[in-house]
Every structure is written in structure tokens, then in C-alpha cells.
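Spelled out from the first residue to the last, the chains are:
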Amino acid sequence: MAAGEEQSREYLRRHRLPELLHRLGALLLFHRPERPREFLIQVLERVKAGRRAEGEYPFLMDEANVEAMFSLLDVLGQGSIRAAQYREALKTLGLSTEDLELKDDVEITLEEFKEGMKKKMLESWSVY
């Protein structure tokens, strides 16, 4: 691999640009704004404000979406899901599961699911 190509890959990795572009693309496809450039500028401004603790980070899913996801996982309506299901839900949304310390026999309630999702979404934006 050429030195220039290696430097480019390192630059992308260090600044987490593939992840950022993936998130921005997902937001575009989810919201389908009439003015995509203006929308992207607004999203990036929200990320910037979130870093300064002056606003909230943009989220792909609102509370209703998170609740719907939980209900799809809780097919028997027991009010909880397994830790493995929770991990898969996080992975599906492109969120990190690296620091999760959940034993496989742990049951996750809807409130724990919503709180965990919100925390992971915040963490995912805070690195930019």
C-alpha cells in the first residue's frame, strides 16, 4: 500500500469519518428533507451545540421508535427482553456494545432499554 493511501486511511480512522458519514446518510434517508444541504448543516450544528452542552444531539429514532423496537423484540409481551436481544438492537443501529457488562441471563425492561439506547446514541455523537 502506498504511503499516501495509508495516511489517508489513518486520517479517516482517526477522525471517524466513515462513521460520521454513515450517520449523516442515515439521517438524510430517514428524514428525506427537501433541502438536504441545509439539513446536513443543521445536523452538524446540533452536533456542535451538543458538544458544548448547549443543545441535544440529533437522533435517528424518537421515543416512539425505540418503544416500537422494544415491542418487536418482546414478542410475548412479557415486559422484558434478554441481554442478547438488547446487544443485537444496539448493533442494528450501529451503536457500540463494547463496554456493555451484561450477563446473558439479565432481563432488560422497556425503561432500561430506552435509557440505554439514549445513552448509547449520545455516546455515538459525542466522539465527533
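The model shown is predicted, which means the values in this text are computed figures rather than measured ones.

### Here we look at helix α2 (residues 17-31)
Moving on, step 1. Taking 1.5 Å of rise per residue, 15 residues should cover 21 Å, and α2 covers 21 Å from first to last C-alpha, within 8% of that figure.
Moving on, step 2. Those residues of α2 that fall on the buried side of the exposure criterion are Leu20, Arg23, Leu24 and Leu27. Down the axis of α2, the buried side of the element spans an arc of 95°, and every buried residue falls inside it. Residues of α2 that are exposed and point more than 90 degrees away from the buried face comprise Leu21, His22 and Leu29.
Moving on, step 3. Phi for arginine 32, located one or two positions after α2, is positive at around 45°.

### What about the packing of α2 against helix α3 (residues 36-51)?
Moving on, step 1. At their nearest, the axes of α2 and α3 sit 11 Å apart, and the two run at 125° to each other. The pairing of α2 with α3 is recorded here as oblique in orientation. In terms of crossing hand, the pair formed by α2 and α3 is right-handed. Of the residues in α3, those in contact with Leu24, Leu27, Leu28 and His31 of α2 are Pro36, Phe39, Leu40, Val43 and Leu44.
Moving on, step 2. In terms of residue class, the contact of α2 with α3 is made up of eight nonpolar, one polar and no charged.

Criteria and cut-off values
Residues numbered from 1 in each chain as written. Predicted model: local features only at pLDDT ≥ 70, side-chain atom pairs only at ≥ 80, totals over all residues. Heavy atoms only, no water. Helix = DSSP H or I, 4+ residues; strand = E, 2+ residues; numbered from the N terminus. Expected span 1.5 Å × (residues − 1). Buried < 20%, exposed > 50% of the residue type's maximum accessible area, 1.4 Å probe, protein only. Arc of directions from axis to C-beta. Axes fitted to C-alpha atoms, helices over the stretch in contact; angles between N-to-C directions. Parallel < 35°, antiparallel > 145°, perpendicular 65-115°, else oblique. Left-handed = near helix turned anticlockwise from the far one by under 90°. Contact = heavy atoms within 4.5 Å. Nonpolar A, V, L, I, M, F, W, Y, C, P; charged D, E, K, R; others polar.

None of this, on its own, says anything about what the molecule does.
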